[in-house]
Amino acid sequence: KRDDVSAEHLEQAVADLDVKNGTFKDFADLPLSEPTKSGLKAAHFSAMTDIQAKAIPLALKGADILGAAKTGSGKTLSFLVPVLENLYRAQLVGQDAGLGAMIISPTRELAIQIFEVLRKIGGKGHLFAAGLVIGGKSLKDEANALERMNILVCTPGRILQHLSQTATFSVDNLKMLVLDEADRILDIGFQSALDAIIEYLPPDRQTLLFSATQTKKVSELARLSLKEPEYIAVHEAA
Ligand code: ADP
Ligand code: MG
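Attention here is on the structure that accompanies the text. (Residues numbered from 1 in each chain as written. Chains lettered and ligands numbered in written order. Predicted model: local features only at pLDDT ≥ 70, side-chain atom pairs only at ≥ 80, totals over all residues. Heavy atoms only, no water.)

### Overview of the overall build of the protein
Part 1: Check the secondary structure of the protein and you find ten helices and seven strands.
Part 2: Taking 18 Å as the expected radius of gyration for a compact globule of 238 residues, we find that the protein reaches 17 Å, a close match to that expectation.
Part 3: Contacts in the protein between residues at least 24 apart in sequence constitute 73% of all its contacts with a sequence separation of at least 6.
Part 4: Of the roughly 11,600 Å² of accessible surface on the protein, 50% is carried by carbon and sulfur atoms. (Helix = DSSP H or I, 4+ residues; strand = E, 2+ residues; numbered from the N terminus. Rg over C-alpha atoms; globule rule 2.2 N^0.38 Å. Contact = heavy atoms within 4.5 Å. Areas by Shrake-Rupley, 256 points an atom, 1.4 Å probe, with all protein chains shown as cover.)

Here it is, written out as structure tokens:
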């Protein structure tokens, strides 16, 4: 494959990344693929926010993450960059590769926003097939498209419906699960849907959980869905 060399080269660079002692200020300080670098550049993202600078290096190395930072702190790129990169390095791309990442969002509106950022930074150079699963289309139309997807952005109720009813929807290759705005997912009452979704997913995946607030319910969810997570909390400057 065309990308074999660069994926292998990046794998080594990520392995060499010293997350304990390194200082990472700009996206350019990280070993990222050319398509991600140019997507970020085209969107005029250069300096990382605090949560990005802390979460992305660890997530690139495969760690599970529990990240808390207030609204507006840049959590979306904190998970989208690792999703693109970790799937790229694993060459989990194209129709036959299967689903590599599932991103769960509390509402359709937020899912659409995430999808737009994904398109903005990953849409030009990357070859992933990405889709939104938030209802509004027939279950059958969605089911047909699901088979080809590498990255899905979805709401809990709808994706659970497919996991339980769409026989052709396989999550066996899933490498990454992202739970965005986990506090809101739980506030809306999706706790049992999330538990059921997680039951369907391979246990040896990487999980990134982001939340604006650290609630008891969030730590309970973290306890059930994350493995030895890195805790990253970004506080407002006084
Ligand atoms: P959160 O999910 O934490 O509420 P978002 O990911 O939605 O935050 O980002 C909030 C805003 O900050 C968005 O408008 C986004 O484009 C912008 N943003 C995110 N990261 C950066 C960055 N590294 N540099 C400049 N702007 C950024
Ligand atoms: Mg957000």
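### Brief notes about the site of ligand 1
Part 1: Around ligand 1, the structure places 14 residues, and the nearest of them are A47, Q52, G72, K75 and T76.
Part 2: Take S73: an N or O atom from its main chain is 3.2 Å from an oxygen atom of ligand 1.
Part 3: Interatomic distance of 2.6 Å between a side-chain N/O atom of T76 and an oxygen atom of ligand 1.
Part 4: In the complex, the protein chains occlude 64% of the 570 Å² of accessible area that ligand 1 would expose alone.
Part 5: With three residues, the top contributor of residues to the shell around ligand 1 is helix 4 (residues 75-89).
Part 6: Split by residue class, the shell around ligand 1 holds five nonpolar, seven polar and two charged. (Near = heavy atom within 4 Å. Polar contact = N/O pair within 3.5 Å; in protein donor to acceptor, adjacent residues only side chain to side chain. Nonpolar A, V, L, I, M, F, W, Y, C, P; charged D, E, K, R; others polar.)

### Details of the side chain of D180
Part 1: Looking at where D180 falls in the secondary structure, it is placed in the loop between strand 5 (176-179) and helix 8 (182-188).
Part 2: Buried charge without a partner: D180 forms no salt bridge, and the closest opposite charge is K75, 6.1 Å away.
Part 3: Once residues within four sequence positions are removed from consideration, D180 is found in contact with F79, I104, S105, P106, I114, I185 and F210. (Buried < 20%, exposed > 50% of the residue type's maximum accessible area, 1.4 Å probe, protein only. Lys, Arg positive; Asp, Glu negative; His and termini not counted. Salt bridge = Lys/Arg side-chain N within 4 Å of Asp/Glu carboxyl O.)

### Side note on the pattern of salt bridges
Part 1: Across all of its chains, the model carries five salt bridges by this definition.
Part 2: Between E11 and R89 there is a salt bridge, with its nearest N and O atoms 3.5 Å apart. In this pair, E11 sits in helix 1 (residues 4-16) while R89 sits in helix 4, placing the two residues 78 residues apart along the sequence.
Part 3: Accessibility expressed as a relative area gives 39% for E11, which makes it partly exposed.
Part 4: Of the charged contacts, one joins E34 and K37 as a salt bridge, the two residues approaching to 3.4 Å between their closest N and O atoms. Taken together, the positions of E34 and K37, both in helix 2 (residues 34-42) and three residues apart, correspond to about one turn of that helix.

### Observations concerning the sheet that holds strand 1 (residues 65-68)
Part 1: Taken in spatial order, the seven strands line up as 3-4-2-5-6-1-7 in an open sheet, and their pairing is parallel. On the outer flanks of this sheet lie strand 3 (130-133) and strand 7 (230-233), each paired with one strand and no other. This sheet shows a mean twist of 15° between the axes of neighbouring strands, independent of strand direction.
Part 2: In this sheet, strand 4 (residues 151-154) lies alongside strand 3 in parallel orientation, the contact comprising four bridges. Each bridged residue has a counterpart across the sheet, and for L132 the counterpart in strand 4 is V153. (Pairing = 2+ DSSP bridges. Axes fitted to C-alpha atoms, helices over the stretch in contact; angles between N-to-C directions.)

### As for helix 10 (residues 216-225)
Part 1: Of all the positions in helix 10, only V218, L221, A222 and S225 are classed as buried. Buried residues of helix 10, seen end-on, are gathered within an arc of 105° and therefore sit on one face of the element. Across helix 10 from its buried face, at more than 90 degrees, point the exposed residues K216 and R223. (Arc of directions from axis to C-beta.)

### A closer look at the environment of L32
Part 1: By secondary structure assignment, the location of L32 is in the loop between helix 1 and helix 2.
Part 2: A sequence separation of 53 residues divides L32 from E85, and the C-alpha atoms of the two residues are 6.7 Å apart.
Part 3: Here L32 is in contact with L10, F27, K37, L40, L60, V81 and E85, once residues within four sequence places are set aside.

### Observations regarding the pairing of strand 3
Part 1: The alternating pattern of strand 3 places G131 and V133 on a buried face and A130 and L132 on a face that is not buried.
Part 2: In this region the chain leaves strand 3, passes through helix 6 (residues 139-146) and returns to the parallel neighbour strand 4; the handedness of that crossover is right-handed. (Right-handed = clockwise from strand over helix to strand, strands pointing away.)

### Brief notes about unusual backbone geometry
Part 1: The phi torsion at Q91 lies on the positive side, around 50°, for a residue other than glycine.
Part 2: Looking at where Q91 falls in the secondary structure, it is placed in the loop between helix 4 and strand 2 (101-104).

### Observations regarding the packing of helix 7 (residues 156-165) against helix 9 (residues 191-200)
Part 1: Where helix 7 meets helix 9, the axes come as close as 10 Å, and the angle between the chain directions of the two elements is 40°. If you check the angle between helix 7 and helix 9, you find them oblique. Crossing hand, helix 7 versus helix 9: left-handed. Counted together, P156, I159, L160, L163 and S164 of helix 7 and A193, A196, I197 and Y200 of helix 9 form the full contact between these two elements.
Part 2: Here the contact of helix 7 with helix 9 is composed, by residue class, of eight nonpolar, one polar and no charged. (Parallel < 35°, antiparallel > 145°, perpendicular 65-115°, else oblique. Left-handed = near helix turned anticlockwise from the far one by under 90°.)

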